[in-house]
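Secondary and tertiary structure notes
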Amino acid sequence: MVKKVVLASSLLLVAGCRNGAEEASSSSVSETEESVSSMSMEESVSSMSMEESESVKIDSVSSEESESVATTPGTHVFSEMITQNTFSNEHGYEAWEVYQTVIENYQLSDYMDPADTTGSTVDEIDALFDPAIMREEVDISEEQKMVLYRFPDEEGGEFSEISMFLSEIAFYFLNDYLVFSSITPGFYEVSLTDAEEFDVLGNLYTVEELVALEPQVFTVSEVKVEGEVLRQTMVPAQPLPDQTDVMLNAMYFFVSGEDILHYSVVPFEQVSQDFPTNSILIFNSYFNWLQEGNG
């Protein structure tokens, strides 16, 4: 029998990396602003060390070996992996089609260079979206901002009274310039029994190999480093043998071109309350790890 857990990813932003197994639920922007006011992004990153996640280095980002992948609808490196069945639901897939078009028409500043001002502004991102799409904006600090576009169920739909949105596209701005984007589900079912074993996922080297497994997908995101796009995706994974108190893991893959460079593993419940923020924290953890001489 397939076991599933139904959850709603809440907007907790930086506070979303907290530990604990409390049930995820929807939250309002006013609650979110209160949650993030006492914690900066940098402070949150320090609370998620690589000792808390199991990471294996396959290769480092190389501008000579990495090539940007076309992102028009249907040609994204993850396009064969994202379907109505693998990403949330039909509304999640609708957002995925929008996301592919948007990322083809924006610019990312260098994630590791706060002085880079080549990234798109908030106004430029807004211009790429239909004004009818639900929009939320949250100031994390004077330098940091998140803007989120949400896709709710249709009025009277199966989930319309359960969750305020079924998928969301998130943008993170540093000094008013775009440095990160992601697409994640808001309301979803996660299958405990269908998640692949860690030993299977940990031995993948290409996106093609990952696509062949047809995993559920809970995060697709990207940043730019030294002129090259580094993408991230997260899929569920079975617990490791020594994780007796973990039902499910979240396995994050770092992808350059079609090559898997690296992966990180954290308990799924630790990231499920706020997929976009945790995607940023996992990126930060990876770059910190590289800067410590592991790359």
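Residues numbered from 1 in each chain as written. Predicted model: local features only at pLDDT ≥ 70, side-chain atom pairs only at ≥ 80, totals over all residues. Heavy atoms only, no water.

Enumeration according to the criterion identifies 18 aromatic pairs in this entry. With 5.5 Å between their ring centres and 40 degrees between their planes, Y286 and F287 make a pair best called tilted. On the accessibility criterion, Y286 (0% relative accessible area) is buried. (Phe/Tyr/Trp six-rings, centres within 6.5 Å; stacked < 30°, edge-to-face > 60°. Buried < 20%, exposed > 50% of the residue type's maximum accessible area, 1.4 Å probe, protein only.)

Right, let's get into the pattern of salt bridges. Close approach of charged atoms lets side chains of opposite charge pair. Applying the stated rule across the entire model yields six salt bridges. Of the charged contacts in the structure, one is a salt bridge between E168 and R150, with a shortest N-O distance of 3.2 Å. With E168 in strand 5 (residues 167-174) and R150 in strand 4 (residues 144-151), this residue pair connects regions lying 18 residues apart in the sequence. E168 gets classed as buried once you look at its relative accessible area, which sits at 2%. A relative accessible area of 1% means that R150 is categorised as buried. R231 serves as the salt-bridge partner of E222, at 3.3 Å between the closest nitrogen and oxygen. Taken individually, E222 and R231 each receive the classification buried, so the pair is uniform in this respect. Among the ionic contacts, a cluster of salt bridges with common partners joins D126, R135, E137, D139 and K145. (Salt bridge = Lys/Arg side-chain N within 4 Å of Asp/Glu carboxyl O. Helix = DSSP H or I, 4+ residues; strand = E, 2+ residues; numbered from the N terminus.)

A contiguous patch of negative charge, built from E80, E208, E209, E258 and D259, is present on the exposed surface. For D259, the position within the fold is in strand 11 (residues 259-267). (Patch = residues over 30% accessible without salt bridge, like charges linked within 9 Å, V, L, I, M, F, W, Y side chains within 5 Å. Areas by Shrake-Rupley, 256 points an atom, 1.4 Å probe, with all protein chains shown as cover. Lys, Arg positive; Asp, Glu negative; His and termini not counted. Charge placed at Lys NZ, Arg CZ, Asp CG, Glu CD.)

Another point: the confidence of the model for the protein. Across the protein, pLDDT averages 77, with 69% of residues at or above 70. Segment residues 1-73 is flagged for pLDDT under 50; beyond a separation of four residues in sequence, or across chains, it makes 189 contacts in the model. (pLDDT = per-residue confidence, 0-100. Contact = heavy atoms within 4.5 Å.)

Burial within strand 6 (residues 177-185) is extensive, with eight of its nine residues counted as buried. Here strand 5 pairs with strand 6 via eight bridges, running antiparallel. Within the sheet, the bridge partner assigned to E168 lies in strand 6 and is T184. In this sheet, strand 8 (residues 219-225) lies alongside strand 6 in antiparallel orientation, the contact comprising three bridges. Within strand 8, the position partnered with I183 by the bridge is V220. (Pairing = 2+ DSSP bridges.)

Membership of the largest hydrophobic core comes to 41 residues, with the highest contact counts inside it found for F78, Y106, F171 and F253. The element contributing the most residues to this core is helix 3 (residues 90-104), with five residues. Dropping the residues within four chain positions of it, Y106 is found in contact with Y99, S120, I125, L128, F171, L178, S181 and E222. One finds A170, V190, L248 and F287 within the second-largest nonpolar core, a separate group that totals 33 residues. (Core = buried A, V, L, I, M, F, W, Y, C linked by side-chain atoms within 4.5 Å.)

This part is about unusual backbone geometry. Despite not being glycine, N175 has its phi angle at roughly 55 degrees, a positive value. Turning to its location among the elements, N175 is positioned in the loop between strand 5 and strand 6. Its relative accessible area of 31% is what places N175 among the partly exposed residues. Phi at D176 is positive, roughly 75 degrees, even though this residue is not glycine. Among the structural elements, D176 can be located in the loop between strand 5 and strand 6.

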